[in-house]
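Residues per chain are reported as follows:
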Amino acid sequence: MQNPFASLGHVCAVIGAQWGDEGKGKVIDLLAERFDIVARACGGANAGHTIVVKGKKHVFHLLPSGALHSNTTVVIGSGLVLHLPTLLEEIRTLKDAGIDVLPRLFISEEAHILFDFHKDIDAALEEQRKVREGKGIGTTKRGIGPAYMDKAARSGTRMESLRGALTPVLARHAERVQRLYGVTVDQAKELKNLEEARALLAERITDTVGMLHERLQKDKKILIEGAQASLLDLDHGTYPYVTSSATTLAGALQGLGLPPQALTSCIGVAKAYCTRVGEGEFASEVTGQAGDRLRERGGEYGSTTGRPRRCGWLSIPDLRRSAMINGFTHWNITKLDVLDEEAEIPVCMGIASDGKAEWKKLPGWKTSTVGITAFAKLPKEAQEYLQFIEQETGVPAWLIGTGPGREQMIVR
Ligand code: GDP
Ligand code: IMO
Ligand code: MG
């Protein structure tokens, strides 16, 4: 039999097609053993990527989700903003689970440091939005916006700075942050965080761009782990209810310093329905019983903040737009099993001039698909649902999730 993974080629990116939490972590974990390197490209600890292996749950915020495979090299690219205590905590948690990631971890010297004061500014800005505009963005309060603001303002501090004197760096930030935001920096605590990180990570900080290109020349395979998702992209998402980084394929390549022609495939990850955390438009949202049913069956509570996720039906225009911007070559449609009890499944086909969703109703299958691993074993209506997505988007539904576990996936 032909290897179904051959079509991915040497450099494959996994990118969220909706508003995040589509199940990127799970597919990364599944594919990682077929690649030499797994690389996170952008974002920060606003990401929460969950994987379930033999019933045990692991949540990754900064480390790539491929880290569980002991032969995989893991890279944290230039585009990230790194909260160092969170990274150290993640490394420690894995070590407690018997996985030593440190010797195979490479962190870009160009990645930016996200300080505790960035979180304080994030909280202060959200509070101001609530007071002045009636509502905030609903950020994860992980300091993401302010860290990227500093980066864009050319006031940020990169990982390479851990090689030099730290006290003057903090004094400069303390003066600036007090002046601009009225936020007081706890310099002693920040210094302790930096020193702890330096002690553990100094030797892991390197030129990851050069390293990735060198490995490519040696025919090594790279799996790129996107974070957040296309509809949260700073340029192409539902602005201003977006995150502060470029979350698309182009942003991922930029974040790793890889040229577009290096890429051989791009997997778009989309739930068989849709969710969103935080504020902002969501035309196919459903409230009431149907929304509650999706939330409970899908376990739709944030992996980073624990917030209940807003739930709704699939939006074909959103999938088409994400596929267009990212050039998806394959879909991973996840959480098909969550729809198992629905008698009929509405799908949003467009938005009317009054902003309301235009629906098409597809028949449900009312039978369990949990754990099914062959497309032919799916009930006919489920097959037709997936074929409908393929026809409407022009992208093949190659992987189909039928449960949270690593093995609960159809590979076609
Ligand atoms: P990510 O941020 O894109 O990696 O997604 P999250 O980990 O935040 O959220 C996805 C959630 O759905 C996690 O709890 C996964 O364990 C779970 N999950 C992923 N794929 C499936 C699936 O096919 N079926 C079900 N029932 N759960 C899934
Ligand atoms: P993963 O990688 C879901 C959302 C937040 C908020 C908006 C801005 O797990 O899919 P931020 O803290 O980034 O300034 O918040 O973006 N958000 C996510 N929602 N999954 C994520 O990541 C998210 N990362 C950010 O909820 O609405
Ligand atoms: Mg998530």
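Owing to the predicted nature of the structure, the values given are computational and were not obtained by experimental measurement.

Helix and strand content of the protein chain: 11 helices and 17 strands. For a compact globule of 412 residues, the expected C-alpha radius of gyration is about 22 Å, and the protein chain comes in at 21 Å, within 12% of that figure. A burial count over the protein chain gives 57% of its 412 residues as buried. In the structure as shown, the protein chain presents an accessible area of about 17,200 Å², 50% of it carried by carbon and sulfur atoms. Across the protein chain, the 51 positively charged side chains and the 50 negatively charged ones have centroids separated by 1 Å.

Around ligand 1, 19 residues are found, and the nearest of them are Lys 24, Gly 25, Gly 48, Thr 50 and Asp 337. Note that an oxygen atom of ligand 1 is positioned 2.8 Å from one of the backbone N or O atoms of Gly 25. Contact between ligand 1 and Arg 309: an oxygen atom at 3.3 Å from a side-chain N or O atom of the residue. Isolated, ligand 1 exposes 590 Å² of accessible area, and the fraction of that covered by the protein chains is 93%. Contributing elements (two or more residues each) for the shell around ligand 1: helix H1 (24–32) and strand E3 (49–53). Per-class residue counts for the shell around ligand 1 are three nonpolar, nine polar and seven charged.

Put simply, the second largest pocket is a space of about 580 Å³. For the second largest pocket, the lining is made up of 27 residues, of which Thr 50, Gly 298, Arg 309, Lys 335 and Pro 404 are closest to its centre. Where the lining of the second largest pocket is concerned, the elements lending two or more residues are H1, E3, strand E4 (56–60) and helix H9 (288–298). When the residues that make up the lining of the second largest pocket are grouped by side-chain class, the tally is five nonpolar, 13 polar and nine charged.

Side chains that carry opposite charge are capable of pairing whenever their charged atoms lie near each other. All told, the structure shown has 24 salt bridges when counted by the stated rule. Of the charged contacts in the structure, one is a salt bridge between Glu 300 and Arg 309, with a shortest N-O distance of 2.6 Å. Arg 309 sits in the buried class, given a relative accessible area of 6%. A salt bridge links Arg 412 to Glu 390; the nearest nitrogen and oxygen atoms lie 2.9 Å apart. Of this pair, Arg 412 sits in the segment after strand E17 (409–411) while Glu 390 sits in helix H11 (residues 380–393); the two residues are 22 residues apart in sequence, bridging distant segments of the chain.

Turning our eyes to something else, we now look at the environment of Thr 93. Within the secondary structure, Thr 93 is located in helix H2 (residues 84–96). You can call Thr 93 partly exposed: its relative accessible area is 45%. It is 9.4 Å that separates the C-alpha atoms of Thr 93 and His 58, two residues lying 35 residues apart in sequence.

On to the domain arrangement of the protein chain, then. Per the domain assignment, the segments of the protein chain are domain 1 (9–110 + 206–411) and domain 2 (112–204). The gap between the C-alpha centroids of domain 1 and domain 2 is 27 Å. On the domain 2 side, the residues contacting the 37 residues of domain 1 number 30 residues. Taking both sides of the interface into account, the surface hidden between domain 1 and domain 2 amounts to around 2,800 Å²; carbon and sulfur atoms contribute 60%. The interface formed by domain 1 and domain 2 includes two salt bridges. With a shortest N-O distance of 3.1 Å, Arg 163 and Glu 109 are connected by a salt bridge.

Of the positions making up helix H10 (residues 316–326), those classed as buried are Ile 316, Leu 319, Ser 322, Ala 323 and Asn 326. Looking down the long axis of H10, one finds its buried residues gathered within 130° of arc, a one-sided arrangement.

If you trace the backbone, His 330 turns up in strand E13 (residues 330–334). One polar contact links His 330 to Thr 329, side chain to side chain, over a distance of 2.7 Å.

So, about the packing of aromatic side chains. If you walk through the whole model with that rule in mind, you get five aromatic pairs. Arranged with centres 5.1 Å apart and planes meeting at 55°, the rings of Trp 19 and Phe 282 form a pair that is tilted. Here Trp 19, found in the loop between strand E1 (11–16) and H1, pairs with Phe 282, found in the loop between strand E11 (274–276) and H9; they are 263 residues apart in sequence, far enough to count as distant. Here Trp 19 falls in the buried class, since its relative accessible area comes to 6%. Against the face of Phe 5 rests Arg 34, its NZ or CZ located 3.7 Å from the ring centre. The residue whose ring lies beneath Arg 204 is Phe 106, and the NZ or CZ to ring-centre distance is 5.1 Å.

Around the magnesium ion (ligand 3), the donor atoms from the protein are Asp 21 (OD) and Gly 48 (O), and they sit 2.0 to 2.2 Å away. Of this pair, Asp 21 sits in the loop between E1 and H1 while Gly 48 sits in the loop between strand E2 (37–43) and E3; the two residues are 27 residues apart in sequence, bridging distant segments of the chain.

Criteria and cut-off values
Every chain is numbered independently, its residues counted from 1 as its sequence is written. Both sets of labels track the order of writing: A upward for chains, 1 upward for ligands. Totals for whole chains, interfaces and linings use every residue, but because this is a predicted model, local features are given only for residues with pLDDT of at least 70 and side-chain atom pairs only at 80 or more, for both listing and counting. The basis for every side-chain value is the complete set of heavy atoms in the structure, and neither hydrogens nor water enter the calculation. We count a stretch as a helix when DSSP gives it H or I for four or more residues in a row; a strand needs E for two or more, and each element gets its number in order from the N terminus. All radius of gyration figures rest on C-alpha atoms, and the globule criterion is 2.2 Å times the number of residues raised to 0.38. Per-residue accessibility, obtained with a 1.4 Å probe over protein chains only, is compared with the maximum for each type, and a residue is labelled buried under 20%, exposed over 50%, and partly exposed between these values. All accessible areas in this document rest on Shrake-Rupley with a 1.4 Å probe, and a residue is counted as covered only by the protein chains that are shown. When charges are counted, Lys and Arg are positive and Asp and Glu negative, with His and the chain ends excluded. Note on charges: their place is set at NZ of Lys, CZ of Arg, CG of Asp or CD of Glu. Here a residue is considered near a molecule or strand provided that any single heavy atom belonging to it is located within 4 Å of it. N or O atoms closer than or at 3.5 Å make up a polar contact, with two conditions inside protein: a donor-capable atom paired with an acceptor-capable one, and, for residues adjacent in sequence, both atoms drawn from side chains. Note on residue categories: nonpolar means Ala, Val, Leu, Ile, Met, Phe, Trp, Tyr, Cys or Pro, charged means Asp, Glu, Lys or Arg, and polar means any other residue, Gly included. A cavity here means a set of 1 Å grid points, computed over protein atoms only, where a 1.4 Å probe fits but cannot escape. A pocket is an open set with protein on both sides within 12 Å along at least 5 of 7 lines, and lining residues have an atom within 4 Å of a point. Grid points are joined across faces, edges and corners, and a volume is the space filled by probe spheres set on the points. Salt bridge, as used here, is a side-chain nitrogen of Lys or Arg placed within 4 Å of a carboxyl oxygen of Asp or Glu. An automatic or database domain assignment supplies the residue ranges for each domain. In what follows, a contact means two residues having at least one pair of non-hydrogen atoms within 4.5 Å. Buried area: the accessible surface (1.4 Å probe) lost by two parts on joining, summed over both. Directions from the helix axis toward the C-beta atoms define the arc. Aromatic rings from Phe, Tyr and Trp, with only the six-membered ring used for Trp, were paired whenever their centres fell within 6.5 Å, and each pair was classed as stacked if the ring planes differed by under 30 degrees, edge-to-face if by over 60, and tilted otherwise. Here, a charge over a ring means that NZ of Lys or CZ of Arg falls within 6 Å of the ring centre while also lying within 35 degrees of the ring normal. Note on donors: an N, O or S atom is included if it sits within 2.8 Å of the metal, or within 3.2 Å for Na, K and Ca, and water is never included, so sites can look incomplete.

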